[in-house]
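Structural overview
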Amino acid sequence: MTEQNTATREEWLVARRALLEKEKAHTRMKDEITKERQALPWVRVEKEYSFETPEGPRSLADLFQGHSQLIVYHFMYGAEWKNPCVSCSLWADNFNGLPPHLAQKDIGFVTVSSAPLAMIAPFKTRMGWDFDWVSSEASTFNADFNVGFGPGHPTDAPLMYNFREVENMQIDELPGISVFARGEDGAIFHTYSAYSRGLDITNSAYSYIDMTPRGRDEPVEGNKMGWVKHRDAY
């Protein structure tokens, strides 16, 4: 750890109070951004999607499980992958116990991967996860919401990630979150998506790490998350 300046308790308190004012300003800005996020226009989902679940094939509407809102976490796990993404697994370790709380606010929650359910189920059991995790293998769901770039990606559609077009994609899956809402007539709308660093706010581990002096302590170049392993592999 890099040597840091030290101070008396009184000096520390002055510095901490100054930082608190910036933290409060950040919180107020976050509240403003949240309102703008909630005010984004809705885009109707016209395509029908089918998902493989333990209960059999289900539609996107079924994934709402009776709620009017749905959050989907796009988990990186392709049909040809040997193991699920370790970074997405770090995120998923935050999900246990979350769905019942979201349900009280009329929100469904599900994790979606393009790997078949036969690959998903054993790993879910290994990790002890209790949230819903389904397969989009039979549909273009991942490609349509800009997290799937493998053979199923339409050849006439541009490669997009984090709202920018990219010329080449070196990997067939990337992470993201998509939010949907259902209208009174049952129509489904896409309301929000986030990718890359936009997912940070959903990872409590990073929130705690960011409180420490060393913080994330990740390399400037290369794979910043190279330190992460499946939690039973450390």
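In what follows, the accompanying structure is described. Not measured: the values here are computed from a predicted model. (Residues numbered from 1 in each chain as written. Predicted model: local features only at pLDDT ≥ 70, side-chain atom pairs only at ≥ 80, totals over all residues. Heavy atoms only, no water.)

Tallied over the full model, the rule gives eight salt bridges. Salt-bridge contacts for Asp144 lead to Lys47; the nearest nitrogen and oxygen are separated by 2.9 Å. Of this pair, Asp144 sits in helix α6 (residues 141-144) while Lys47 sits in the loop between β1 (43-44) and β2 (50-53); the two residues are 97 residues apart in sequence, bridging distant segments of the chain. Taking relative accessible area as the criterion, Asp144 reaches 26% and is therefore assigned partly exposed. Linking Arg197 and Asp200 is a salt bridge whose minimum nitrogen-to-oxygen distance equals 2.6 Å. Take Asp200: its relative accessible area is 13%, and that puts it in the buried class. Because the salt bridges share partners, they merge into one network encompassing Arg197, Asp200, Asp210 and Arg216. (Salt bridge = Lys/Arg side-chain N within 4 Å of Asp/Glu carboxyl O. Helix = DSSP H or I, 4+ residues; strand = E, 2+ residues; numbered from the N terminus. Buried < 20%, exposed > 50% of the residue type's maximum accessible area, 1.4 Å probe, protein only.)

As a further point, take the layout of surface pockets. Roughly 780 Å³ of volume is contained in the largest pocket. When residues of the lining of the largest pocket are traced back to their parent elements, those giving at least two are α1 (9-38), β4 (69-74), α4 (98-103), β5 (107-113), β9 (176-182) and β10 (188-195). By residue number, the principal contributor to the lining of the largest pocket is β9, which donates five residues. Class assignment for the residues of the lining of the largest pocket results in 16 nonpolar, eight polar and two charged. (1 Å grid on protein atoms, 1.4 Å probe; cavity = no way out; pocket = protein on both sides within 12 Å on 5 of 7 lines; lining within 4 Å. Points joined across faces, edges and corners; volume = space filled by probe spheres on them. Nonpolar A, V, L, I, M, F, W, Y, C, P; charged D, E, K, R; others polar.)

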